[in-house]
Amino acid sequence: MISLKLSLPLRVNKMAEKKCNKSKVEQEKKIVADMIALYCRKVHRSRELCPEYKALTEYAMRRSELCPQKEDKTFCSQCTTHCYSPQMREQIRRVMRFSGPRMLFYHPIAALRHLYYSKIKS
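In this report, we go over the structure that sits alongside the text. (Residues numbered from 1 in each chain as written. Predicted model: local features only at pLDDT ≥ 70, side-chain atom pairs only at ≥ 80, totals over all residues. Heavy atoms only, no water.)

With that settled, consider the nonpolar core. Residues Val32, Ile36, Tyr53, Leu56, Tyr84, Ile92 and Val95 are the most contacted members of the largest nonpolar core, which totals 19 residues. Elements represented by at least two residues in this core include exactly helix 1 (14-43), helix 2 (51-66) and helix 3 (86-106). Examining the composition of this core, we find that six residues originate from one element, helix 1, more than from any other. (Core = buried A, V, L, I, M, F, W, Y, C linked by side-chain atoms within 4.5 Å. Buried < 20%, exposed > 50% of the residue type's maximum accessible area, 1.4 Å probe, protein only. Helix = DSSP H or I, 4+ residues; strand = E, 2+ residues; numbered from the N terminus.)

Next comes the structure, spelled out in structure tokens:
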């Protein structure tokens, strides 16, 4: 029996790394928007985003774009710099606590990817 061992290169060129980070930020923004939409749909029983959670979505998108750590950051929860205001941080924390476990049912690939990268970086 032949065993194949796949390994990732230790060093990635800077151009590919920047491209990967951009898609990572875009991916993060999509996941956060999906989590907020799931929260609003399940808790408020609304198909449309409430004005409060629409504002949270826009706020989260702006924060992701302006993040000073976006080159080497994993997830906002593990970040050393907190970009969110205390009120918005509590609101997004509530959304994450509710939507996080449910993402496994609604967006299983994204949830598994998150778990994978959480374990690798910790």
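As a further point, take the packing of aromatic side chains. All chains considered together, the criterion is met by three aromatic pairs. Ring geometry for Tyr39 against Tyr53: centres 5.2 Å apart, planes inclined by 45°, an arrangement best described as tilted. Remark: Tyr53 occurs in helix 2 and Tyr39 occurs in helix 1; sequence separation between them is 14 residues. Accessibility classification places Tyr39 together with Tyr53 in one group, the buried group. Between the aromatic rings of Tyr59 and Tyr84, the centroid separation amounts to 5.4 Å while the plane-to-plane angle is 70°, which identifies the pairing as edge-to-face. (Phe/Tyr/Trp six-rings, centres within 6.5 Å; stacked < 30°, edge-to-face > 60°.)

The next point concerns a positive patch on the surface. Residues Arg41, Lys42, Arg45, Arg47 and Arg102 make up a contiguous surface patch of positive charge. Note on placement: Lys42 falls in helix 1. For Lys42, a relative accessible area of 32% puts it in the partly exposed group. (Patch = residues over 30% accessible without salt bridge, like charges linked within 9 Å, V, L, I, M, F, W, Y side chains within 5 Å. Areas by Shrake-Rupley, 256 points an atom, 1.4 Å probe, with all protein chains shown as cover. Salt bridge = Lys/Arg side-chain N within 4 Å of Asp/Glu carboxyl O. Lys, Arg positive; Asp, Glu negative; His and termini not counted. Charge placed at Lys NZ, Arg CZ, Asp CG, Glu CD.)

According to the stated counting rule, one finds four salt bridges in the structure shown. Notably, a salt bridge pairs Lys29 with Glu65, separated by 2.7 Å at the nearest N-O pair. Note that Lys29 is positioned in helix 1 and Glu65 in helix 2, a separation of 36 residues in sequence. Lys30 serves as the salt-bridge partner of Asp34, at 2.9 Å between the closest nitrogen and oxygen. One end of the pair is Asp34 and the other is Lys30, both in helix 1 and four residues apart, which spans about a single turn. The class for Asp34 is buried, based on a relative accessible area of 18%. Linked through salt bridges whose partners overlap, the residues forming this network are Glu26, Lys29 and Glu65.

Position of Gln91 relative to the elements: it lies in helix 3. Residue contacts for Gln91: discarding those within four places in its chain leaves Glu52, Tyr53 and Leu56. (Contact = heavy atoms within 4.5 Å.)

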